[in-house]
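Listed here are the chains, written in short residue letters.
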Amino acid sequence: MGNEASTIAAARARATRALRKSHNWVQLAKFCTVGAVGYAVNLAVYSALVGAGMHYNRAAACSFLVAVTNNYTWNRLWTFRGQRGHVGYQGLRFFVISLLALGANELLLTAFVAFGIGKVVAQAIAVVLVTPINFVGNKLWSFRRR
């Protein structure tokens, strides 16, 4: 139990130090900007594919892939510019984190809709709640400094 408590205390101390660095807040703002653009790309591609007659589940998967590619490119070039590693390894890690974030988003979205929240509002809330997890996962794993 003592070892677990010291691990938790160390994690809290690290998080507190990270929150005090303005660079991390700038990265978070850039990450959110890229995410907002990716969200718009996702909805535009989704709408176009559904409008062309594609089933909505397939359209959602395709638009997700387009948005993830867009987000990875901009996060690599702009948000985490100084933390670039091998494009393939970072891309795969980014995709894994994105899939986890998508799963968390879907769970929250489903729960919110089940509780009677409108679908668009539920999605907006879910995206906001998942963004910090997505950012931390990408900062600490996909684009971590070596």
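Predicted model only: the values in this text are computed from it and were never measured. (Residues numbered from 1 in each chain as written. Predicted model: local features only at pLDDT ≥ 70, side-chain atom pairs only at ≥ 80, totals over all residues. Heavy atoms only, no water.)

What follows deals with the overall build of the protein chain. Check the secondary structure of the protein chain and you find 5 helices and 0 strands. From first element to last, N terminus to C terminus, the protein chain shows the α and β order α-α-α-α-α. Taken over 146 residues, the protein chain has a buried fraction of 26%. Counting only contacts in the protein chain whose residues sit at least 6 apart along the sequence, the fraction spanning at least 24 positions is 62%. With the model as given, the accessible surface of the protein chain reaches about 9500 Å², and the carbon-plus-sulfur share is 69%. (Helix = DSSP H or I, 4+ residues; strand = E, 2+ residues; numbered from the N terminus. Buried < 20%, exposed > 50% of the residue type's maximum accessible area, 1.4 Å probe, protein only. Contact = heavy atoms within 4.5 Å. Areas by Shrake-Rupley, 256 points an atom, 1.4 Å probe, with all protein chains shown as cover.)

All right, on to the environment of Leu65 then. Locating Leu65 in the fold gives a position in helix α3 (residues 56-79). A residue is classified by how much of its surface remains accessible, and Leu65, at 44% relative accessible area, is partly exposed. A sequence separation of 30 residues divides Leu65 from Phe95, and the C-alpha atoms of the two residues are 9.1 Å apart.

So, on to the packing of helix α2 (residues 22-51) against α3. Their axes nearest at 8 Å, the elements α2 and α3 cross at an angle of 150°. Considering their axes alone, α2 and α3 lie roughly antiparallel with respect to each other. In the crossing of α2 with α3, the sense of the turn from one axis to the other is right-handed. Tallied by class, the residues present in the contact of α2 with α3 amount to 17 nonpolar, 10 polar and 1 charged. (Axes fitted to C-alpha atoms, helices over the stretch in contact; angles between N-to-C directions. Parallel < 35°, antiparallel > 145°, perpendicular 65-115°, else oblique. Left-handed = near helix turned anticlockwise from the far one by under 90°. Nonpolar A, V, L, I, M, F, W, Y, C, P; charged D, E, K, R; others polar.)

Moving on to the nonpolar core. Within the largest apolar cluster, 8 residues are counted, these being Phe31, Phe64, Val68, Tyr72, Phe80, Phe94, Phe135 and Phe143. When residues in this core are grouped by element, the largest group, 3 residues, is from α3. Ignoring any residue separated from it by four or fewer positions in sequence, one finds Phe31 in contact with Asn75, Thr79, Phe80, Thr131, Asn134, Phe135 and Asn138. (Core = buried A, V, L, I, M, F, W, Y, C linked by side-chain atoms within 4.5 Å.)

Now for α3. Turning to α3, its buried residues number three or more, namely Ala59, Ser63, Phe64, Ala67, Val68, Asn70, Asn71, Tyr72, Asn75, Arg76 and Thr79. Residues of α3 that are buried in the fold lie against α2 and α4 (87-114).

For the pair α3 and α4, interaxial distance at closest approach is 10 Å and the crossing angle is 130°. As far as their axial angle goes, α4 and α3 are oblique. Handedness of the α3/α4 crossing: right-handed. Here α3 contributes Phe64, Leu65, Val68, Asn71, Tyr72, Asn75 and Arg76 to the contact with α4, which in turn contributes Val87, Gln90, Gly91, Phe94, Phe95, Ser98, Leu99 and Leu102. Among the residues forming the contact of α3 with α4, the class breakdown is 9 nonpolar, 5 polar and 1 charged.

This part takes up the packing of aromatic side chains. Summed over the entire model, instances satisfying the criterion amount to 1 aromatic pair. Measuring from centroid to centroid gives 5.5 Å for Tyr72 and Phe94, while their planes differ by 55°, and the two rings are tilted. Here Tyr72 is found in helix α3, whereas its partner Phe94 is found in helix α4, with 22 residues between them in sequence. Each member of the pair, Tyr72 as well as Phe94, carries the same accessibility label: buried. (Phe/Tyr/Trp six-rings, centres within 6.5 Å; stacked < 30°, edge-to-face > 60°.)

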